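Fold and contact review
Read off the chains here:
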Amino acid sequence: MEKGKLAWKISVAGSEGVGKSSLISRIIYNTDKVQGSHRSLQKKTLRLESNGGTISVDLLLQEIDITKNEERFIAGSNAVLVLTDITDPASLASADQFLRYLESQDSARIVKLLVTKLDRKYEAKFWDEELSQVSKKYDVDYTKLSSRTGDGFEPFFESLKQELLERYYEGKKIVR
Ligand SMILES: Nc1nc2c(ncn2[C@@H]2O[C@H](COP(=O)(O)OP(=O)(O)O)[C@@H](O)[C@H]2O)c(=O)[nH]1
Ligand SMILES: [Mg+2]
């Protein structure tokens, strides 16, 4: 039986308008209606089943505008979600630059590329060809989702939680 209280910091990064606030609302409130302010740290408490016990984890979510020199705030993040808006090619260029910056940091944190506004796929300015190039270049997975409709969100969030949990156990060197 496992007990304990953990806190994982998750940075949601991207250029302005990519959907950072909407994704945080989807994670916390299961809606895309934005409730927090830009720089506030928002919290969601999760109860995760693991090793036959339950662990309580506080997710601390913070928004980072990568075009406004806010990179330093990613310090201490367990995961960084880099967002790019499927309708905005400039946001992919910004994401690419930011992924290069993260790579140069050589940290053990989880990094994911998230392609937002999937509900607007008919207005897409890039698709798998461009995305897989970026994904290969920085060795990060990408997921397409919509914070508006929730499409693609649940499987992504489930696997992120599992990966965070695995990193936690690796860190603690607990053999499973
Ligand atoms: N259609 C659609 N619009 C979205 C989605 N996510 C965000 N938006 C819209 O994009 C705009 C910017 O979103 P916001 O979350 O404030 O972006 P931020 O500047 O990165 O925090 C707002 O008008 C949102 O309603 C989505 O999944 N689908
Ligand atoms: Mg915002």
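Scroll up to find the structure this text is about.
Everything quoted here is computed from the prediction, not taken from an experiment.

Quick notes on the rules
- Residues numbered from 1 in each chain as written.
- Chains lettered and ligands numbered in written order.
- Predicted model: local features only at pLDDT ≥ 70, side-chain atom pairs only at ≥ 80, totals over all residues.
- Heavy atoms only, no water.
- Axes fitted to C-alpha atoms, helices over the stretch in contact; angles between N-to-C directions.
- Helix = DSSP H or I, 4+ residues; strand = E, 2+ residues; numbered from the N terminus.
- Parallel < 35°, antiparallel > 145°, perpendicular 65-115°, else oblique.
- Contact = heavy atoms within 4.5 Å.
- Nonpolar A, V, L, I, M, F, W, Y, C, P; charged D, E, K, R; others polar.
- Donors = N, O, S within 2.8 Å, 3.2 Å for Na, K, Ca; no water.
- Buried < 20%, exposed > 50% of the residue type's maximum accessible area, 1.4 Å probe, protein only.
- Polar contact = N/O pair within 3.5 Å; in protein donor to acceptor, adjacent residues only side chain to side chain.
- Pairing = 2+ DSSP bridges.
- Salt bridge = Lys/Arg side-chain N within 4 Å of Asp/Glu carboxyl O.
- Core = buried A, V, L, I, M, F, W, Y, C linked by side-chain atoms within 4.5 Å.

Okay, the packing of helix H2 (residues 89-105) against helix H3 (residues 128-138) next. Taken N-terminus to C-terminus, the directions of H2 and H3 make an angle of 10 degrees; their axes are 10 Å apart at the nearest point. Of the possible angle classes, the one that applies to H2 and H3 is roughly parallel. In this structure, H2 contributes Leu 92, Asp 96, Leu 99, Arg 100 and Glu 103 to the contact, and H3 contributes Glu 130, Leu 131, Val 134, Lys 137 and Tyr 138. Residue classes in the contact of H2 with H3 are distributed as 5 nonpolar, no polar and 5 charged.

Looking at the magnesium ion (ligand 2), one finds its protein donor set to be Ser 21 (OG) and Glu 63 (OE), positioned 2.0 to 2.1 Å from the metal centre. With Ser 21 in helix H1 (residues 20-29) and Glu 63 in strand S3 (residues 53-65), this residue pair connects regions lying 42 residues apart in the sequence. According to the relative accessible area criterion, Ser 21 is partly exposed, its value standing at 22%.

Along the chain, the position of Ser 11 falls in strand S1 (residues 5-14). A relative accessible area of 0% places Ser 11 in the buried class. Only 2.9 Å separates the side chain of Ser 11 from the side chain of Gln 62, close enough to count as a polar contact. In this structure Ser 11 touches Gln 62, Ile 64, Phe 73, Ile 74, Ser 77, Ala 79, Val 80 and Leu 81, once residues within four positions along its chain are discounted.

Sheet topology places strand S2 (residues 42-50) next to S3; 9 bridges connect them, and they run antiparallel. Along S3, the bridge assignment pairs Glu 49 with Thr 54. The antiparallel pairing of S2 with S3 creates a hairpin that spans 2 residues between the two strands, and Asn 51 there sits at a positive phi of about 50 degrees.

Scanning the model with the defined rule gives 13 salt bridges in all. Asp 141 is paired through a salt bridge with Lys 112; the nearest N and O atoms lie 3.2 Å apart. In this pair, Asp 141 is assigned in the loop between H3 and strand S6 (142-144) and Lys 112 in strand S5 (residues 110-116), connecting sequence segments 29 residues apart. Assessed through its relative accessible area of 49%, Asp 141 is described here as partly exposed. Relative accessible area serves as the criterion here: at 9%, Lys 112 is assigned to the buried category. In this structure, a network of salt bridges that share partners links the residues Glu 16, Asp 65 and Lys 68.

Relative to the elements of secondary structure, Lys 172 occurs in helix H4 (residues 153-172). For the pair Lys 172 and Gly 17, spaced 155 residues apart in sequence, the C-alpha to C-alpha distance is 38 Å.

Right, let's get into the nonpolar core. In this structure, Trp 8, Leu 23, Leu 81 and Leu 160 are the most contacted members of the largest nonpolar core, which totals 29 residues. Of all elements in the fold, only S1, H1, S2, S3, strand S4 (79-85), S5 and H4 reach the threshold of two or more residues within this core. Leave out the neighbours within four places in its chain, and Leu 160 touches Ile 10, Ala 79, Leu 81 and Ile 110. If you look at the next biggest cluster of nonpolar residues, it comprises 19 residues, including Val 80, Leu 92, Leu 102 and Val 140.

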